[in-house]
Amino acid sequence: MTRIDKTAAGAIGVEAINMTMRFGDFTALDNVSINIGAGTFHALLGENGAGKSTLVKCIMGFYHATSGQLLVAGREEHMTDPKVAQSLRLGMVYQHFTLVPSLTAAENLVISRADAPAVIDWRSERRRLDAFMATMPFSVPLDQPVSRLAAGEKQKLEILKQLYLGNRFLILDEPTSVLTPAEADEVLTHVRGLTQAGEITVLMITHKFREVTAFADEVSILRRGKYVGGGRVDEMSIDEMSRAMMGEAPQISERTRHETDRQPILTLRGIRAQDRSGLKSIEIDDVTLHSGEILGIAGISGNGQMELMEILTGQRRTFGGSITVNGRPYAATRAEARAHEIRYLPEEPLRNACAPRMSVAENLAFRMFDEGRGGGTAFWKDGRAIARNAVSLIDGFRVKTTSPAARIASLSGGNVQRAVLGRELTGGVRVLIVSNPCFGLDFNAVSTIRDRLIDARNSGTAILLISEDLDEIMELSDRILVMSEGRVTYETPIATANVAEIGQHMAGHG
Amino acid sequence: MSTIGRIPDQDRLTAAQILSGLMPRAEAVLIPLAALLAGFAAFSLFLLALGKSPAEFYALVWKAGFSSAFSWQNTLSRVSPLVLAALCVALPARLGLVVIGGEGAIVLGGLAAAVTGTAVANLPSGLGMVLMALAGMALGGLWIGAIGALRIKRGVNETIASLLMAYIAIALMNHFVEGPFRDPASLNKPSTAPLAEGLRVGDMPFVAAHWGVFAGVVACVLCWILIERTTLGFAARIAGDNVRAAQVQGLPVARLVIGFTALGGAFAGLAGYFEVAAVHGSANASLIAGYGYTGILVAFLARHNPLAILPVAVLLAGFEASSGLIQRRMDLPDATILVFEGMVFIIILLSETLYGRLRIFTPGFWEQS
């Protein structure tokens, strides 16, 4: 197979040879070589911590590789600085938007230029922008503030920005994680069109096999910092790719579902609250959660799910409506949560469910430290009980830590999540309210967590699962609600759930 | 390999184990200590720039603060208000609040105690003393507790609120001392009526210091027990480290914040009581001595650990006690001690960024090596 260093239309190829990156004793990238030919759409697959980000940061000059070479358009280059990568027309689109929300798309594009003049002649800039947009296969509204654009349009604008800056080799870091499936397909179709026209070369970090098989030409797979496989996508099966990524065939446990008698437990009626921006309102008219079911709440980030979680945990004031548990009003106090056996797993547990400067043992004690004999509240802290609790949870949930006295912030994301899961799932749990439990975790951690959720459901726990990952919602839920613009706009049992239809409701078209 | 050959190996392992257990705990002592030494060094440079001898300065601090029974008396008389004012910073700090207005609670606590003292002159003196102390603690507690309530209920920045309220407190004290509660006999220095002899707090046996020092020690021990040994203290530490996590756990964050700030204010008010009942004999402008501000430095140097507050307060009390001698012998203005305290404070705040960053303080570092 011949590689092209540079296409006629300007796309450039990049080759990394024997890249190694060490942080102290830890080898994040171990002798990895990949060759991304000009004008190809190359996918970079791997679990969290496999070294994908390290590799692209070395290519972009954010990290200096311990050893190895980098060829850009066939010439060896030394990425001493991100500016070098920019000058070589290498660009990166990050997972989260880097646009200024209050400025228009046009303003965002112009100010992103390194050579933007101190005084901008908007009329001539605008003429040049229009000329540039005319050459693009897709466009976005240029005169609206970016905050009004839909997520898919923002992502398109991010890609347009890279082209506007003249970059010919783009790294896309999980570009579809904030998009609906339809938006994701649209954006990636355009990107693919650009690579086929030889305009750009793309290296896309992803963990979605579907995007790899549908859009990418080639794939490279990393595991634990090593290159473990790759090649042309049309010559590989998903099974091969996932085996390379996980090391062995993933142990997908047969998740059997046992039906238990369903009783309504948690109800929300006529809830009114402000959203985070204070501009929009959250209006939840009627939601009932039953024992023994997983009620999935789908929606694109920022449509009121975070606020719903805050309302349920008592962190956000409501202006109307009622929350009841077992027919009694519920205000999320510690005593009520304990009496009704309600537990929470907020997203990003280190930020929302842990005290980062306290020890692992102390963090594991958050539920039990004040449990007195006979259900009362204890006054004296029982250090021995806290230590026993820590040892049993660390063992039971396989939390890897140097010692129970280590700060919880020193643990990896998967271990923090397992620790919090252990803390919240121990003892009687009748209601579990979960938000994005698998965000940022590797395959094995995700699998453990989903197994535990199904186990809890099978034993009669009512689970409210708020998730931005539609695959997760489809895999786990018995019933699905869609939240859009702060309201519940759609409901369906899993039997009749259709991804396309849910996606439309998520995007606000219903 | 013979068994004998392996013994040194095992010895090394135990040493590593001891260090890996010890060093994480040592972090909280070694970093402030290093910061204090760096503060001494920086202040020495300052003195050298002025053409003065740092060695002479530290020798005079030793002489005036710690060398004789007389100097110890001088030092210890300042320990009680420093310790109690430091608790007014350390307790709210456990909840993540930076309260720097303890001076206001000291001044108002002193005023409340003095006014109560004139009202209870006819009661048995033991009861009168208790009522005076309670009045001082109550007003101090309300004053700082209000700052906690403003923070948690209305989102008012507690640092600025407490600082500004300290000015209000001082103005209020001046108003009452010069107006409604002025003793007509106090001509040059407006004061409240002098306390009856039976209401005055005397010195402790064997130690040349008043009972306020003992109260400060007891307060520190009680606060340490509250924070380290009770579930309330544990809940406060969770809320102080991550308020979102505390809310998700359903902990009563608002009550904890108001309770801890009010308790801190009560200790500062108690400092005001001892200043009136053991030192000045009435409430007047002498209450505005800056103990509330030096207490901030004490609390930060002690990492808000109540037991560490005691030695730190003794050290800084010694420095403050030596300011007069330094003024006379070295021809330096008495604000020199403030320069010293300011330098130490800046370096302490800088050192806060080191916690959790230095690998020698992690268990893993010693286990690997």
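The rules we used
For every chain, the first residue of the written sequence is number 1, and numbering continues from 1 onward in sequence order. By the order in which they are written, chains take letters starting at A while ligands take numbers starting at 1. Only residues with pLDDT of at least 70 get local features here, since the model is predicted, and only at 80 or more are side-chain atom pairs given and counted; chain-wide, interface and lining totals rely on the full set of residues. Heavy atoms throughout the structure, all of them, feed into the side-chain values; hydrogens and water do not. Numbered from the N terminus, helices here are DSSP runs of H or I no shorter than four residues, and strands are runs of E no shorter than two. When a residue's accessible area, from a 1.4 Å probe over protein chains only, is under 20% of the maximum for its type it is buried; when over 50% it is exposed; and in between it is partly exposed. Between two residues, a contact is recorded if the distance between any of their heavy atoms is within 4.5 Å. For every accessible area listed, the method is Shrake-Rupley and the probe measures 1.4 Å; residues are considered covered only by the protein chains on display. Note that His is not counted, nor are the chain ends; the positive residues are Lys and Arg, and the negative ones are Asp and Glu. To locate a charge, take NZ of a lysine, CZ of an arginine, CG of an aspartate or CD of a glutamate. Each of two parts loses accessible area, computed with a 1.4 Å probe, when they are put together; buried area is these two losses added. Criterion for a salt bridge: a side-chain nitrogen of Lys or Arg within 4 Å of a carboxyl oxygen of Asp or Glu. A 3.5 Å cut-off defines polar contacts: any pair of N or O atoms within that distance qualifies, except that in protein one atom must be a possible hydrogen donor and the other a possible acceptor, and neighbouring residues in sequence count only when both atoms are side-chain atoms. Only strands joined by at least two bridges in the DSSP assignment are considered to pair. Take the buried residues of types Ala, Val, Leu, Ile, Met, Phe, Trp, Tyr and Cys, join any two whose side-chain atoms come within 4.5 Å, and each joined set is a nonpolar core. pLDDT is a residue-level measure of predictor confidence that goes from 0 to 100. Angular values range over 0 to 180 degrees, each being the angle between N-to-C directions of two axes fitted as lines to C-alpha atoms, with helices fitted over their stretch in contact.

> Just to check I follow, could you spell out the overall build of chain A for this structure?
Helices and strands together make up the secondary structure of chain A, namely 17 helices and 20 strands. A total of 510 residues make up chain A; the buried ones form 53% of that total. In chain A, the share of contacts with a sequence separation of at least 24, taken over all contacts with a separation of at least 6, comes to 69%. Only carbon and sulfur atoms are counted for the fraction: they give 50% of the accessible area of chain A, which is about 22800 Å². When the 57 positive and 62 negative side-chain charges of chain A are each reduced to one mean point, those points stand 5 Å apart.

> How should I be thinking about the interface of chain A and chain B in this particular structure?
Where interface size is given, it is often the accessible area lost as the parts come together that is meant. Taken together, the contact between chain A and chain B spans 31 residues of the former and 24 residues of the latter. Both sides of the chain A and chain B interface together cover about 2500 Å² of buried area, and 53% of this is carbon and sulfur. Three residues stand out in chain A for area buried against chain B, namely Gln315(A), Phe369(A) and Lys381(A), and they jointly supply 23% of the buried area on that side. Inspection of the chain A/chain B interface yields two salt bridges. The interface formed by chain A and chain B includes 16 residue pairs in polar contact (both at pLDDT 80 or more). Every element with two or more residues in the side of chain A that touches chain B is listed here: helix H11 (349-352) and helix H14 (413-425) of chain A.

> Before we go on, may I ask you to explain the pairing of strand E13 (residues 294-298) of chain A in this structure?
Residues in a regular strand project their side chains so that they alternate between the two faces of the sheet. Residue and element names in this part refer to chain A. Here E13 lies mainly inside the structure; five of its five residues are buried. Both faces of E13 are covered, namely the face carrying Ile294, Gly296 and Ala298 and the face carrying Leu295 and Ile297. Note that E13 and strand E18 (residues 462-466) share four bridges and pair parallel. In the sheet register, isoleucine 297 faces E18, and the bridge partner there is isoleucine 466. Where E13 meets strand E19 (residues 479-484), four bridges bridge the pair, whose relative direction is parallel. Bridge assignment links alanine 298 to a residue of E19, and that residue is valine 482.

> Just checking my understanding: could you explain the sheet that holds strand E5 (residues 75-76) of chain A for this structure?
All names here are of chain A. What the four strands build is an open sheet, ordered E2-E1-E4-E5; its pairing is antiparallel. At either end of the open sheet lies a strand with only one pairing partner, and these are strand E2 (26-36) and E5. Here strand E4 (residues 67-72) runs beside E5; their pairing, made up of two bridges, is antiparallel. Looking across to E5, one finds that valine 72 is bridged to arginine 75.

> So what exactly am I meant to see when it comes to the pattern of salt bridges here?
Note on pairing: side chains with opposite charge can pair once their charged atoms come close. Taken as a whole and assessed by the stated rule, the structure comprises 36 salt bridges over all chains. One salt bridge connects Arg210(A) with Asp185(A), and the closest N-O pair in it is separated by 3.1 Å. Of the two residues, Arg210(A) is situated in helix H7 (residues 209-215) and Asp185(A) in helix H6 (residues 181-196); the sequence distance between them amounts to 25 residues. Note on Asp185(A): relative accessible area 28%, which makes it partly exposed. Here Glu362(A) makes a salt bridge to Arg237(B), at a shortest N to O gap of 2.9 Å. Taken as a pair, Glu362(A) in helix H12 (residues 360-364) and Arg237(B) in helix H8 (residues 231-241) lie in two separate chains rather than in one. Just as Glu362(A) is buried, Arg237(B) falls in that class too. A single salt-bridge network, built from bridges that share partners, covers Arg257(A), Glu259(A), Arg262(A), Arg457(A) and Asp478(A).

> How do you make sense of the nonpolar core when you look at a structure like this?
Across soluble globular proteins, nonpolar side chains show a tendency to be buried alongside one another. By size, the foremost hydrophobic cluster in this structure holds 112 residues, and its most contacted members are Phe57(B), Tyr273(B) and Ile309(B). Among the elements that make up this core, the one with the highest residue count is helix H10 (residues 253-280) of chain B (13 residues). Ranked by size, the runner-up nonpolar core spans 48 residues in total, among them Leu99(A), Leu194(A), Val202(A) and Ile221(A).

> How should the confidence of the model for chain A be read in this particular structure?
Low pLDDT means the predicted atomic positions in that stretch should not be read closely. Per-chain confidence: chain A averages 86 in pLDDT, with 96% of residues scoring 70 or above. By mean pLDDT, the top-scoring element of chain A is E18(A) (94), and the lowest-scoring one is helix H8 (residues 238-246) of chain A (79).

> Would you mind showing me how to read the sheet that holds strand E3 (residues 41-45) of chain A here?
Backbone hydrogen bonds are what pair the strands of a sheet, in a parallel or an antiparallel way. All names here are of chain A. On the basis of which strands lie adjacent, the open sheet formed by six strands has the order E6-E7-E8-E3-E9-E10 and mixed pairing. Every other strand in the sheet has two partners, leaving strand E6 (90-93) and strand E10 (226-232) as the edge strands with one partner each. Taking each pair of neighbouring strands and ignoring which way they run, the sheet shows an average axis angle of 20°. When E6 meets strand E7 (residues 169-173), the two strands line up parallel, connected through four bridges.

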